[in-house]
Amino acid sequence: MLLSWRGQLRRKGIMRKNAYYDFTQRLYGSDIAAAFYILSLKGGFRFVGQSDWFRADQRGKFNWDFLNHKDTPLEEVDMSYTVINYRGLDNLEGQQSLRTLALRGCPEVDDWFLARLHVFEDSLEELDISHCPRITTGGLAALRNLKGLRRLDLSSLPGISSPGLVVILLEEMLPQCQIIATGYDYSIKQHGGEEEVQR
Amino acid sequence: MECPEGVLLLLSFTAIFFSCEHTVPELEAQLAAMRKKAADALPGSSWSPFDINPNLPPERADIVIIGGGVMGWSIAYWLKQKERVREGVKVIVVERDLTYSQASTVLSAGGIRQQFSLPENIHLSLASADFMRNINEHLGVLNEDPVDLQFNQSGYLFLASEEVAHIMEENYSTQRQVGAKVTLLSPTQLKEKFPWINTDGVALASYGLENEGWFDPWSLLNAFRRKAMSMGVIQCCGEVTDFKYTVSMMTSPGGDPVVYKRINSVKVQMPKGLEYQMVECAIVVNAAGAFSGKLAEMLGISSNPKDTIAGTPVPVEPRKRYIYVVHCPDGPGLDTPFLIDYSGMYFRREGLGGNYITGASPKEADEPDTSNLEVDHQFFEDSVWPRLAYRVPAFEKLKVTSAWAGFYDYNTFDQNGIIGDHPVINNMYFATGFSGHGLQQSPAAGRAVAELILDGNFKTLDMRGLGFRRIMAQEPILERNIL
């Protein structure tokens, strides 16, 4: 019972972090709300037309200067190693100029999250989903909607069973996209069981 | 069985008899054997003249769910999930074939879609997709492996010809209003997105962007079963052959007598044997799938006059559908959606090796015989392959590797699920008649039935439109997107 409570508390914590920032959205607009959400989850972003990134440091402290840029959409978002999940995408949904999304090593990013990325289908050009443990082949099929995608990073995804074949199929599915898939063992496995049968 | 007092009397006589004379060894051995037999006959020893079948269901239960498919186990899970007190309801699930060789659940193609025309159906599918997204929160059991549904997020693609394009547009606006993420595509956009489609004859296409795809039905069934059993639901392998019910009579305002039935107990027959157990119960849930109509007949509905409420039969019957597995190395790739053509043909990708699952709905006049699950390969040659090759030219060269057949629990009235209680049989609830989309609506439908039983009313989704009222009033609510 205590173990299940621990699991439930952890899940509730993640849900609370990914809640919809309705209050911020009503007061400051959806772009500032999205920016605030990203910084609260210890991610980073860059506005359209600006060259410097706004990031939160290890302890969660960040610079409040981003409030000066009202109504500027986000161009690049880096949510690597954060607990962003399906619900959290509510906060980012309105960003129509999002070009880069980095989700490296996010433990809560799964297939349903990838299916929801279709909201960025016109603008997204780079997507990094390496090291996400919950992604499987079924979710990668959902990336067909991102027709503007130019660069996709799929390195070291533990959930994919036959990475070589999946990469080939993805290259066929997204012909203009460059797919980076390192960290897999592409060597052909020897069948040790055959010798037993022949005896 | 010898009575103990008589045995003791006999023993005492023999003891007195033998104490008088010197004992003979064989007689002593016989005496020892008699003593052992007497000790065995007394209660408390491990011998008994009749072996009681250990698999009999308990004599009493609160709720008996007839049918151990995904719908039955979903209802069992939600009943246990919603009970306020621990062990508040005693639930038994009766399933006659634990290998599930004829069950519709495991033989289904496993797809889930929100592209329906009826808002209730869309709500059910959306809620079920939400359930499956968080399935480990709902159905995760401590110390066991997490549930893996192998969900492919590829979406459904419906193709419409000129005649039905306006229906598709109406459906699209209903779906959008309810909250499904669907988009309409013109033939040019369709060709651009899926270059392997032949767009001749297609006027409009409807494509699901989120919450649509297909998954493994066996995993879902086992997840429900594992979780429900861990919460205390009793599984029983047996067949329901009879009901014991009481009948009460009332007069309607018009003066006609109305006969009400209340089920007292369910007769569960053990497989391969003559043993049976009468399970006394308060509520019976009919989740028997394709065989629900036959089950309801056991309650004597057909003995009443045909045009009364009491005489209306439950309009669910089994219909056989075939699924063929084909292999085509040059077929469409990873992004193949679950394509459904306006001619009734459908196909989807299976795995990564160029295999596809395909089938078609036969016309009303050519419904196959439902006495067995034999596959008709001629049907593939006549009805499926030509339409498949016409729609996707790459499928002209393919090879059928396997095929199977399964039953739809076909609702002959209007092909939509029946969820709710029966007007005349007081304590029987139905969750059947889904006609091919029961699997995808099972989590939400199970919750609806559990709410109806435990709370008395639908709480999260209002399914009164799918109740028995429409059948009694002969007002069908037709679903225009059935295949």
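Residues numbered from 1 in each chain as written. Chains lettered and ligands numbered in written order. Predicted model: local features only at pLDDT ≥ 70, side-chain atom pairs only at ≥ 80, totals over all residues. Heavy atoms only, no water.

A. Highlighting the overall build of chain A. Counting secondary structure elements, chain A contains eight helices and seven strands. Overall size of chain A, expressed as C-alpha extent along the three principal axes, is 75 × 50 × 25 Å. Across the 199 residues of chain A, 49% fall into the buried class. Counting contacts in chain A only where the partners sit at least 6 residues apart, residues at least 24 apart contribute 68% of the total. Accessible surface, chain A: about 10,600 Å² in total, of which carbon and sulfur atoms supply 50%. Of the side-chain charges in chain A, 24 are positive and 26 negative, and the distance between the mean point of each set is 9 Å. (Helix = DSSP H or I, 4+ residues; strand = E, 2+ residues; numbered from the N terminus. Buried < 20%, exposed > 50% of the residue type's maximum accessible area, 1.4 Å probe, protein only. Contact = heavy atoms within 4.5 Å. Areas by Shrake-Rupley, 256 points an atom, 1.4 Å probe, with all protein chains shown as cover. Lys, Arg positive; Asp, Glu negative; His and termini not counted. Charge placed at Lys NZ, Arg CZ, Asp CG, Glu CD.)

B. Representation of the interface of chain A and chain B within the structure. With 23 residues of chain A at the contact, the number on the chain B side is 20 residues. Sorting the residues of chain A by area buried against chain B places A:W112, A:R144 and A:L169 first, and these three jointly supply 31% of that buried surface. At the boundary of chain A and chain B, one finds zero salt bridges. Taken together, the elements giving at least two residues each to the side of chain A that touches chain B come down to helix 1 (2–17), helix 5 (111–116), helix 6 (137–140) and helix 7 (163–173) of chain A. Tallied by class, the residues present in the side of chain A that touches chain B amount to eleven nonpolar, seven polar and five charged. (Buried area = accessible area lost by both parts, 1.4 Å probe. Salt bridge = Lys/Arg side-chain N within 4 Å of Asp/Glu carboxyl O. Nonpolar A, V, L, I, M, F, W, Y, C, P; charged D, E, K, R; others polar.)

C. Examining the environment of A:R134 more closely. Note on placement: A:R134 falls in the loop between strand 5 (126–128) and helix 6. For the pair A:R134 and A:G44, spaced 90 residues apart in sequence, the C-alpha to C-alpha distance is 22 Å.

D. Quick peek at helix 2 (residues 25–41) of chain B. Residues and elements named next belong to chain B. With 17 residues, helix 2 should cover 24 Å at 1.5 Å per step; its first-to-last C-alpha distance of 24 Å lies within 8% of that length. Of all the positions in helix 2, only L31, A38 and A41 are classed as buried. One side of helix 2 carries all its buried residues, which in axial view fall inside an arc of 85°. Opposite its buried face, helix 2 presents the exposed residues P25, E26 and K36, each directed more than 90 degrees away. (Expected span 1.5 Å × (residues − 1). Arc of directions from axis to C-beta.)

E. Quick look at the pattern of salt bridges. All names here are of chain A. Applying the stated criterion across every chain, the model contains 29 salt bridges over all chains. Between E76 and R46 there is a salt bridge whose closest N-O contact spans 2.9 Å. Taken together, the positions of E76 in strand 3 (residues 74–78) and R46 in strand 1 (residues 44–47) put the pair 30 residues apart, joining distant regions of the chain. Here the two residues E76 and R46 agree in accessibility, since each one is buried. Each of R46, E75, E76, R99 and E125 takes part in a single network of salt bridges with overlapping partners.

F. The arrangement of a nonpolar patch on the surface in detail. A cluster of nonpolar side chains, A:M1, A:L2 and A:W5, forms an exposed patch at the surface whose accessible area comes to about 410 Å². Tracing the sequence through the fold places A:W5 in helix 1. (Patch = residues over 30% accessible without salt bridge, like charges linked within 9 Å, V, L, I, M, F, W, Y side chains within 5 Å.)

G. Representation of unusual backbone geometry in the model. Its identity as a non-glycine residue notwithstanding, A:K42 has a phi of 70°, on the positive side. You will see that B:N211, though not glycine, has its phi angle at about 60°, which is positive. With respect to the helices and strands, B:N211 occurs in the loop between strand 6 (204–208) and strand 7 (213–214). B:N211 sits in the buried class, given a relative accessible area of 6%.

H. Representation of the sheet that holds strand 2 (residues 54–55) of chain A within the structure. Residues and elements named next belong to chain A. Sheet architecture is open: seven strands sit in the order 2-1-3-4-5-6-7, paired in mixed fashion. Taken across any chain shown, the strands that pair with only one partner, and hence form the sheet edges, are strand 2 and strand 7 (178–180). Summarising the sheet, strand 5 and strand 6 (residues 151–153) pair through three bridges and their orientation is parallel. Opposite E126, over in strand 6, you have R151 as the bridge partner. Contacts between helix 3 (residues 30–40) and the sheet are confined to strand 1, strand 2 and strand 3, with strand 1 contributing the most and set at about 150° to the helix. (Pairing = 2+ DSSP bridges. Axes fitted to C-alpha atoms, helices over the stretch in contact; angles between N-to-C directions.)

I. Summary view of the side chain of B:D409. Residue and element names in this part refer to chain B. You can see D409 is positioned in strand 17 (residues 399–411). Despite its burial, D409 pairs with no opposite charge; the closest candidate is R321, at 10 Å N-O. With near-sequence residues (within four places) excluded, D409 lies in contact with G289, A290, V316, E317, T432, G433, F434, S435 and G436.

J. Highlighting the packing of helix 4 (residues 119–133) of chain B against helix 6 (residues 165–178) of chain B. Residues and elements named next belong to chain B. Viewed as axis vectors pointing N to C, helix 4 and helix 6 meet at an angle of 50°, and their least axial separation amounts to 10 Å. One finds that helix 4 runs oblique with respect to helix 6. Helix-helix and strand crossings are classified by hand; for helix 4 and helix 6 the assignment is right-handed. Between helix 4 and helix 6, the contacting residues are P119, I122, H123 and L126 on the first element and T174, Q175 and V178 on the second. Considered class by class, the residues forming the contact of helix 4 with helix 6 number four nonpolar, three polar and no charged. (Parallel < 35°, antiparallel > 145°, perpendicular 65-115°, else oblique. Left-handed = near helix turned anticlockwise from the far one by under 90°.)

K. Representation of the environment of B:R321 within the structure. Residue and element names in this part refer to chain B. Tracing the chain through its elements places R321 in strand 13 (residues 316–327). According to the relative accessible area criterion, R321 is buried, its value standing at 8%. Sequence separation between R321 and R387 is 66 residues, and the spatial gap between their C-alpha atoms is 17 Å. Excluding residues that lie within four positions of it along the chain, R321 makes contacts with P362, E367, W404, A405, G406, Y408 and Y410. For R321, the side chain forms a polar contact with the side chain of E367, separated by 3.0 Å. (Polar contact = N/O pair within 3.5 Å; in protein donor to acceptor, adjacent residues only side chain to side chain.)

L. Just the packing of helix 3 (residues 70–82) of chain B against helix 11 (residues 438–455) of chain B, in detail. Residue and element names in this part refer to chain B. Close contact between helix 3 and helix 11 brings their axes to 8 Å; oriented N to C, the two are set at 40°. The angle between helix 3 and helix 11 places the two elements in the oblique class. In this structure, helix 3 crosses over helix 11, and the sense of that crossing is right-handed.

M. Inspection of the state of the cysteines at higher detail. Scanning the entire structure with this criterion turns up zero disulfides over all chains. Considering cysteine sulfurs only, B:C237 is the nearest to B:C236, which forms no disulfide, with 6.9 Å between them. (Disulfide = S-S within 2.5 Å.)

N. Representation of the packing of aromatic side chains. Scanning the entire structure with this criterion turns up 35 aromatic pairs over all chains. Note on B:F347 and B:Y356: the rings are 6.1 Å apart at their centroids and 75° apart in plane angle, and the pair reads as edge-to-face. Judged by centre distance (5.0 Å) and plane angle (75°), the ring pair of B:Y356 and B:F395 falls under edge-to-face. Of this pair, B:Y356 sits in strand 16 (residues 355–360) while B:F395 sits in the loop between helix 10 (377–391) and strand 17, and the two are 39 residues apart along the sequence. Classification of B:Y356 as buried rests on a relative accessible area of 3%. In this arrangement the basic side chain of A:R116 is found over the ring face of A:Y86, its NZ or CZ atom lying 4.7 Å from the centre. (Phe/Tyr/Trp six-rings, centres within 6.5 Å; stacked < 30°, edge-to-face > 60°. Lys NZ or Arg CZ within 6 Å of the ring centre and 35° of its normal.)

O. Spatial organisation of the environment of B:K37. Positionally, B:K37 belongs in helix 2. Expressed as a C-alpha distance, the spacing of B:K37 and B:L27, which sit ten residues apart in the sequence, is 15 Å.

P. Region of interest: the sheet that holds strand 8 (residues 234–237) of chain B. Residues and elements named next belong to chain B. Taken in spatial order, the six strands line up as 8-2-1-12-19-18 in an open sheet, and their pairing is mixed. Among the strands making up the open sheet, the edge pair consists of strand 8 and strand 18 (418–421). Averaged over all pairs of adjacent strands, the angle between their axes in this sheet comes to 20°, without regard to strand direction. Relative to strand 2 (residues 91–95), strand 1 (residues 63–66) is paired through four bridges, and the arrangement is parallel. Within strand 2, the residue paired with I63 across the bridge is V91. Across the face of the sheet, helix 11 comes into contact with strand 1, strand 12 (283–286), strand 18 and strand 19 (428–432) while running at roughly 10° to strand 18.

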